[in-house]
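Given next are the chains, with one letter for each unit.
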Amino acid sequence: MEIKTAEFVVSSQTIATCPKDVKPEYAFIGRSNVGKSSLINMLARNKKLAKTSSTPGKTLLINHFIINKEWYLVDLPGYGFAKRSKSEIARLEQMIRGYILGRQQLVNVFVLVDVRLEPQDIDLEFINWLGLSSIPFSIVFTKADKLTVSKVRANVAAYEQKLMETWEEMPPVFVTSSEKREGREELLSYIAQINDEMKNG
Ligand code: GTP
Ligand code: MG
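Let us look at the structure shown here.

Reading guide: rules and limits
- Within every chain, residues take consecutive numbers counted from 1 along the sequence as written.
- Here chains are named by letter from A upward and ligands by number from 1 upward, in the order in which they appear as written.
- Residue-level local features of this predicted model are given only where pLDDT is at least 70; pairs of side-chain atoms are given and counted only at 80 or more, and the full residue set underlies all totals for whole chains, interfaces and linings.
- Each side-chain value is worked out from all heavy atoms of the structure, with water and hydrogens disregarded.
- By definition, two strands form a pair when at least two bridges between them are found by DSSP.
- By definition, any uninterrupted DSSP run of H or I lasting at least four residues is a helix, any uninterrupted run of E lasting at least two residues is a strand, and each is numbered from the N terminus.
- Simply put, an axis is a line fit to the C-alpha atoms, just over the touching stretch for a helix, and the angle between two N-to-C directions goes from 0 to 180 degrees.
- In this description, a nonpolar core means a group of buried Ala, Val, Leu, Ile, Met, Phe, Trp, Tyr and Cys residues linked to one another through side-chain atoms lying within 4.5 Å.
- Three exposure classes are used, based on accessible area relative to the maximum for each residue type with a 1.4 Å probe and protein chains only: buried under 20%, partly exposed in between, and exposed over 50%.
- Note on contacts: a residue pair qualifies if any of its non-hydrogen atoms lie within 4.5 Å across the two residues.
- With water excluded from the atoms, a metal site may look incomplete; its donors are any N, O or S atoms within 2.8 Å, or within 3.2 Å for Na, K and Ca.
- Throughout this description, any angle smaller than 35 degrees is read as roughly parallel, any larger than 145 degrees as roughly antiparallel, any in the 65 to 115 degree range as roughly perpendicular, and the remainder as oblique.
- Three classes are used: nonpolar for Ala, Val, Leu, Ile, Met, Phe, Trp, Tyr, Cys and Pro, charged for Asp, Glu, Lys and Arg, and polar for all others, with Gly counted as polar.

1. Some remarks on the sheet that holds strand β7 (residues 173-175)
Here 7 strands make up an open sheet; going across it, the order is β1-β3-β4-β2-β5-β6-β7 and the pairing mixed. At either margin of the open sheet sits one strand with a lone partner, and together these are β1 (6-12) and β7. Going from strand to strand, the sheet's axes swing by 25 degrees on average, the running direction of each strand aside. Two strands pair when backbone bridges link them, and strand β5 (residues 106-114) and strand β6 (residues 137-142) are joined in this way by 6 bridges, in the parallel orientation. By the bridge assignment, Val113 is partnered in β6 with Phe141.

Written as C-alpha cells, this is what we have:
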C-alpha cells in the first residue's frame, strides 16, 4: 500500500472526543519508549508526524492520524513507565483500557515489544488481557537494528515459545526497525488486507 497523505487529526483523553466517523483504525501500544511513535512516523514516512523522545513518557494522549483520508493510525501513551506517581499511572491505564475496550472503530491493536529484551511480565499481562478481552492484536518487535539478524531470530522464537505456554494460536508477528525502515511493507500490507476485508464485507 502506498501512503499518499498522513495528517494529525486530534488528541483525546477519552473516546468521547475521538473522531466521529467510522473509518477503521489501528492502535499502537507497548511500554514507554518501545518505539510506538517512531513506528508510526516510519510507516507514514514523516519523522515529524508523531512526537518522539529518547526519554520515556512522551506520548500522553490518544492521538489520531488519518492516512490516505481513509483509515487511522492511533498513537497511545506507553505503559510501565516507573517514574510516575501512582495516580498518574492509574489515569493513563484507564485511558488506554477505556480506549481499547470502548472504541468500536478499532480493528487491530499492534503490541510493540523491544526485540532486545526477554519477555517482560508487564507485556505478557497486557497481551493476556487483550486475548481475554477478545481484542484482535498482533505483536510487533521493535529496534531490530540493535541486534544481529540471528539474535533477532532467536529472541522472536523464544518469545513465541513463551506465548505458547498460554495460547494455542500465535498472533501475527512482525519484526521492525524504525531506524532502518524494516518491516514497513509487511505491516502496511497487513493493514491493507484488513481494510479490504472490511470494505468488501
Ligand atoms: P512513549 O511515547 O514515551 O511511550 O514512547 P514511544 O513508545 O512512542 O517511543 P518513541 O517512538 O518516542 O521512541 C523512543 C526512543 O527509541 C527514541 O529515542 C527513538 O529514536 C528510539 N527508537 C524507536 N524506534 C527505534 C528503532 O527501531 N531503532 C532504534 N535504534 N531506535 C529506535
Ligand atoms: Mg510515543
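Once you've had a look at it, read on.
2. Notes on the nonpolar core
One finds Ile100, Val111, Phe126 and Leu130 to be the most contacted residues of the largest nonpolar core, which totals 33 residues. At the level of secondary structure, the elements contributing two or more residues to this core comprise β2 (25-30), β3 (62-67), β4 (71-75), α2 (86-102), β5, α3 (121-132), β6 and α4 (149-164). Every residue in contact with Val111, bar those within four places of it in the chain, is listed here: Ile29, Tyr79, Phe126, Ile127, Leu130, Phe137, Ser138, Ile139 and Val140. Val34, Ala44, Leu187 and Leu188 belong to the second-largest nonpolar core, a separate cluster that totals 25 residues.

3. So, the coordination of the magnesium ion (ligand 2)
Summarising the metal site, the magnesium ion (ligand 2) is bound by the protein donors Ser37 (OG) and Thr59 (OG1), whose distances to it range over 2.0 to 2.2 Å. Here Ser37 is found in helix α1 (residues 36-44), whereas its partner Thr59 is found in the loop between α1 and β3, with 22 residues between them in sequence. By the burial criterion, Ser37 is buried, and Thr59 matches it.

4. Looking at the packing of α1 against helix α5 (residues 184-199)
The interhelical angle for the contact between α1 and α5, taken along N-to-C directions, is 85 degrees, at an axis separation of 10 Å. On the basis of their axis angle, the class for α1 and α5 is roughly perpendicular. Together, Leu39, Met42 and Leu43 of α1 and Arg184, Leu187 and Leu188 of α5 make up the contact between the two elements. For the contact of α1 with α5, the residue count by class is 5 nonpolar, no polar and 1 charged.

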